[in-house]
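# A structural walkthrough
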Amino acid sequence: MALLVQKYGGTSVGSPERIQAVAARVARARRRGDDVVVVVSAMGHTTDELIDLARNVAGHDDCVHEHPREMDMLLSAGERISMALLAMAIREAGADARSLTGSQAAIITDAWHTSARIVEVRADRVRETVEGGCVAIVAGFQGVSTTREITTLGRGGSDTTAVALARALGADRCEIYTDVDGIFTCDPRRVPDARIIPRISHDEMVELAQSGAQVMHARAVDLGARTPALDIRVLSSFVTGPDEDDPTRGTLITDDPMVREDQVVTGLASARGYAKLLLHALPAGMRTPTEMLGALADAGVSVDMVTESPQADGRVLLQLTVRGDDLARAREIAAQVAARLGGGGAMDERTGLSRIALVGRGMSGRPGVYAQAFRALMDAGVKVEAVSTSSISITLLVPSDQEDEALRALHDGFTLAAQAEAPAAAAVAG
Ligand code: ADP
Ligand code: ASP
Ligand code: MG
């Protein structure tokens, strides 16, 4: 008998039939003798619809800043609907079940409305429910703050609820059921050639998730990575028939991934909505980037990539990439700092940029990865606006209207389809 934590995303509980299908799987696990805790997301596009409703009522789009507490009250209702319906469906399927809000399940968070962080899970009530022979259905994406307010964890946060509960309960398995077969080498909706990655490390998955691979909430993977690491299986809730209960299907996020010696890139992810600011004719020397970056940080503007290049007149060109939403503020602050430094004042910008991340433990210390990426993009006619690197990733800024082309070119250039297809015998644990 095992204790399973299973999370079902919005599409997986998007209709009465989908809820019944989830209920049938959970009831089957109960008949096998397993204990089950289920974490649910809101049905289908409910969260988006609730946000639209709030915007219509407020008459503007900035409800998160103007009404953070009420947004949490509103959005947490989405998961309440699906938890109650799923509990009914499981009971109809012949197993006992009880739904619990995040607050009832004692998911304690900080007080940061709409993007709260879990600080503690007091899992006693969930544990008692399960020990009483009942399936515990916990509303994902929500908690209660230390000041007793209802909070939500940020978009996609139900994954984090599941991982936090699995940890607090010491679950034997943590399974994230979604609408694709697992983690792919790239979003399979963008790159049809993408292949399933059977095993991936937590650090690679954190990087992919932070870079736009929506399939997992980055904070969920980060929580799974803490010592002792928790394995997380990502799999489809849509599989039926003999494969449905195959414990090895999908992707395992683990600290014991299968690493092939020749594998440089594990996967790609991308996100839109970036902009680049070019600040010309600034004085050379450390004071320029130090003051510029300091002022931007003080104003809460996060700078993603920074390059400084010398100009013919001995001055420097500073290029900064920021989120498109931050561009206006960044421009204003940069102008003030440039004036203070005695800069030339000329400023250019590029908008409509996408950030593409190539992620893989295998690129650490390996020469030629940049060259290979640039060759693939050059052959596809994609213009690279900026680059940066970390120990397990390279990020490139490209025009958003070339994002899909760039992803496909990099996927082909690093032969990701062939790599993921390679037989397991060619892999070594590492
Ligand atoms: P859920 O509602 O189950 O939480 P999400 O919509 O949050 O599901 O995440 C699943 C989606 O993530 C998939 O439908 C897919 O389009 C997208 N996705 C992005 N990158 C990847 C990737 N590398 N592998 C798998 N899916 C990905
Ligand atoms: N319902 C929330 C969202 O759509 C949380 C989640 O699905 O994980 O973002
Ligand atoms: Mg999700």
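Data block above holds the structure.
Let us look at the structure shown here. (Residues numbered from 1 in each chain as written. Chains lettered and ligands numbered in written order. Predicted model: local features only at pLDDT ≥ 70, side-chain atom pairs only at ≥ 80, totals over all residues. Heavy atoms only, no water.)

## Thoughts on the overall build of the chain
Assigned secondary structure in the chain consists of 13 helices and 20 strands. Here the C-alpha atoms of the chain give a radius of gyration of 24 Å, agreeing with the 22 Å that 2.2 N^0.38 yields for 430 residues. The proportion of buried residues among the 430 residues of the chain is 52%. Sequence separation of at least 24 residues holds for 74% of the intrachain contacts in the chain that already meet a minimum separation of 6. Of the roughly 19200 Å² of accessible surface on the chain, 51% is carried by carbon and sulfur atoms. Within the chain, the 58 negative side-chain charges are centred at a point lying 2 Å from the centre of the 44 positive side-chain charges. (Helix = DSSP H or I, 4+ residues; strand = E, 2+ residues; numbered from the N terminus. Rg over C-alpha atoms; globule rule 2.2 N^0.38 Å. Buried < 20%, exposed > 50% of the residue type's maximum accessible area, 1.4 Å probe, protein only. Contact = heavy atoms within 4.5 Å. Areas by Shrake-Rupley, 256 points an atom, 1.4 Å probe, with all protein chains shown as cover. Lys, Arg positive; Asp, Glu negative; His and termini not counted. Charge placed at Lys NZ, Arg CZ, Asp CG, Glu CD.)

## Some words on the environment of G381
Relative to the elements of secondary structure, G381 occurs in the loop between α11 (369–379) and β18 (386–390). Look at G381 and you get partly exposed, because its relative accessible area is 46%. Distance in space between the C-alpha atoms of G381 and A406 is 8.7 Å, their sequence separation being 25 residues.

## So, helix α6 (residues 158–169)
For an α-helix, 3.6 residues make a turn, and residues three or four places apart therefore share a direction. Helix length check: α6 (12 residues) gives 16 Å between terminal C-alpha atoms against 16 Å at 1.5 Å per residue, within 8%. Downstream of α6 by one or two residues, G170 has phi in the positive range, about 65°. (Expected span 1.5 Å × (residues − 1).)

## Digging into the site of ligand 2
S41, A42, T47, E79, F141, R155, G156, G157 and S158 make up every residue found near ligand 2. Interatomic distance of 2.7 Å between a side-chain N/O atom of E79 and a nitrogen atom of ligand 2. Backbone polar atom of G157 to an oxygen atom of ligand 2: 3.3 Å apart, as the coordinates give it. The fraction of the free accessible surface of ligand 2 (260 Å²) that becomes covered by protein chains is 86%. Residue composition of the shell around ligand 2, grouped by class: 2 nonpolar, 5 polar and 2 charged. (Near = heavy atom within 4 Å. Polar contact = N/O pair within 3.5 Å; in protein donor to acceptor, adjacent residues only side chain to side chain. Nonpolar A, V, L, I, M, F, W, Y, C, P; charged D, E, K, R; others polar.)

## Examining a nonpolar patch on the surface
Among the surface-exposed residues, I81, L85 and M88 lie close enough to one another that they form a single nonpolar patch of about 260 Å² accessible area. Structurally, I81 is set in helix α4 (residues 68–92). (Patch = residues over 30% accessible without salt bridge, like charges linked within 9 Å, V, L, I, M, F, W, Y side chains within 5 Å. Salt bridge = Lys/Arg side-chain N within 4 Å of Asp/Glu carboxyl O.)

## A closer look at the pattern of salt bridges
Under the defined criterion, the tally for this structure stands at 29 salt bridges. E244 serves as the salt-bridge partner of R28, at 2.9 Å between the closest nitrogen and oxygen. Here E244 lies in the loop between β11 (232–236) and β12 (251–253) and R28 lies in helix α1 (residues 16–32), a separation of 216 residues in the sequence. As a salt-bridge pair, R30 and D35 come within 3.2 Å of each other at their nearest N and O atoms. What emerges from the salt-bridge pattern is a single network uniting R25, R28, R32, D34, E244 and D245.

## A few points about helix α2 (residues 46–58)
When the terminal C-alpha atoms of α2 are compared, their 18 Å separation across 13 residues agrees well with the 18 Å that a helix rising 1.5 Å per residue should span. Along α2, the residues that are buried comprise T46, T47, L50, I51 and A54. Taken around the axis of α2, the buried residues stretch over an arc of 140°, which confines them to a single face. In α2, those exposed residues whose orientation departs by more than 90 degrees from the buried face are E49 and N56. Check the buried side of α2 and you find it contacts α3 (63–66) and α4. Two residues or fewer past α2, G59 is found with a positive phi of approximately 85°. (Arc of directions from axis to C-beta.)

Nothing here speaks to function; it is all geometry.
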